[in-house]
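Spelled out from the first residue to the last, the chains are:
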Amino acid sequence: MSDRARCACPRCTIRGLMGPAIIITVGLLLLLSEMRGSFFDFSNTWPVILLVIGGVSLASALAPMTGHIAPPPPIVPAMPPPPPPGTNPVWQPPQNRQGQ
Ligand SMILES: [Zn+2]
């Protein structure tokens, strides 16, 4: 588990329900297909998954962000400064190493 604090605002909470909602929907559709078949075959009912994804996305977009905790910015390593103009940009080994 991540040690980062999870945001508990309504928008992030609803967005976190996307995976479970899809899994439950697929399970229900497959169960319906096994029990009823014919019209309720999975080849006929799979668009319900898209409706669930759209519904959860819409609910997430409309939910308030009060108390939202933004994730920390990614850590990007600093680029070395460009060589001054007129110098050879070929890499040179660092000097003053210990043990040599
Ligand atoms: Zn949030």
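Everything numeric in this text was worked out from a predicted model, so none of it was measured.

Rules behind the numbers
For every chain, the first residue of its written sequence is number 1, and the numbers climb from 1 along that sequence. Only residues with pLDDT of at least 70 get local features here, since the model is predicted, and only at 80 or more are side-chain atom pairs given and counted; chain-wide, interface and lining totals rely on the full set of residues. Strands here are runs of E lasting at least two residues and helices are runs of H or I lasting at least four, both read from the DSSP assignment and numbered beginning at the N terminus. We call two residues in contact whenever the C-beta atoms placed from their backbones are within 7 Å. Exposure in this text rests on C-beta crowding, where 20 or more other C-beta atoms within 10 Å of a residue's own make it buried, 12 or fewer make it exposed, and counts in between make it partly exposed. The C-beta atoms are placed from the backbone. Helix span, expected: 1.5 Å multiplied by one less than the number of residues in the helix. Every axis corresponds to a line fitted to the C-alpha atoms, with the helix fit spanning only the stretch in contact, and the corresponding angles, defined between N-to-C directions, vary from 0 to 180 degrees. What sets the label is the angle itself: under 35 degrees gives roughly parallel, over 145 gives roughly antiparallel, 65 to 115 gives roughly perpendicular, and the rest give oblique. Helix crossings fall into two classes, left-handed where the near helix is turned counterclockwise from the far one by less than a right angle and right-handed where it is turned clockwise. Put simply, Ala, Val, Leu, Ile, Met, Phe, Trp, Tyr, Cys and Pro go in the nonpolar bin, Asp, Glu, Lys and Arg in the charged bin, and everything else, Gly too, in the polar bin.

A few words now on the overall build of the chain. Scanning the chain from N- to C-terminus turns up four helices and zero strands. Listing every helix and strand of the chain by position from the N terminus yields α-α-α-α. Restricting the contact set of the chain to residue pairs at least 6 apart, pairs at least 24 apart contribute 68%.

With that out of the way, let us pick up the environment of Gly16. Take Gly16: it is sitting in helix 1 (residues 10-16). Here Gly16 falls in the partly exposed class, since 14 other C-beta atoms lie within 10 Å of it. Taking the C-alpha atoms as reference points, Gly16 and Val56, separated by 40 residues in sequence, lie 9.5 Å from one another.

In this model helix 2 (residues 18-35) runs 26 Å from its N-terminal to its C-terminal C-alpha over 18 residues, within 8% of the 26 Å that 1.5 Å per residue would give. Judged by how many residues are buried, helix 2 sits mostly at the surface: one of 18 residues are covered. Phi turns positive one or two residues past the end of helix 2, at Gly37, with a value near 60°.

Time to look at the packing of helix 2 against helix 4 (residues 47-62). Packed helices, taken two at a time, are described by their axes: the angle between them and the distance between them. At a minimum axis distance of 10 Å, the contact between helix 2 and helix 4 shows a crossing angle of 160°. Considering their axes alone, helix 2 and helix 4 lie roughly antiparallel with respect to each other. Note on packing geometry: the crossing formed by helix 2 with helix 4 is right-handed. Every residue of helix 4 that contacts helix 2 at Met18, Ala21, Ile22, Thr25, Val26 and Leu29 is listed here: Val48, Ile49, Val52, Ile53 and Val56. Here the residues of the contact of helix 2 with helix 4 are counted per class, giving ten nonpolar, one polar and no charged.

Glancing now at helix 4. Between its first and last C-alpha atoms helix 4 spans 23 Å; for 16 residues at 1.5 Å apiece the expected length is 22 Å, and the two agree. Burial of helix 4 is sparse: only one of the 16 residues sit out of reach of the surface.

Before going further, it helps to examine unusual backbone geometry. In this structure, Ser38 is a non-glycine residue whose phi angle is positive, near 40°. Along the chain, the position of Ser38 falls in the loop between helix 2 and helix 3 (42-45).

From the geometry alone we can't say anything about function, so treat these as descriptive.
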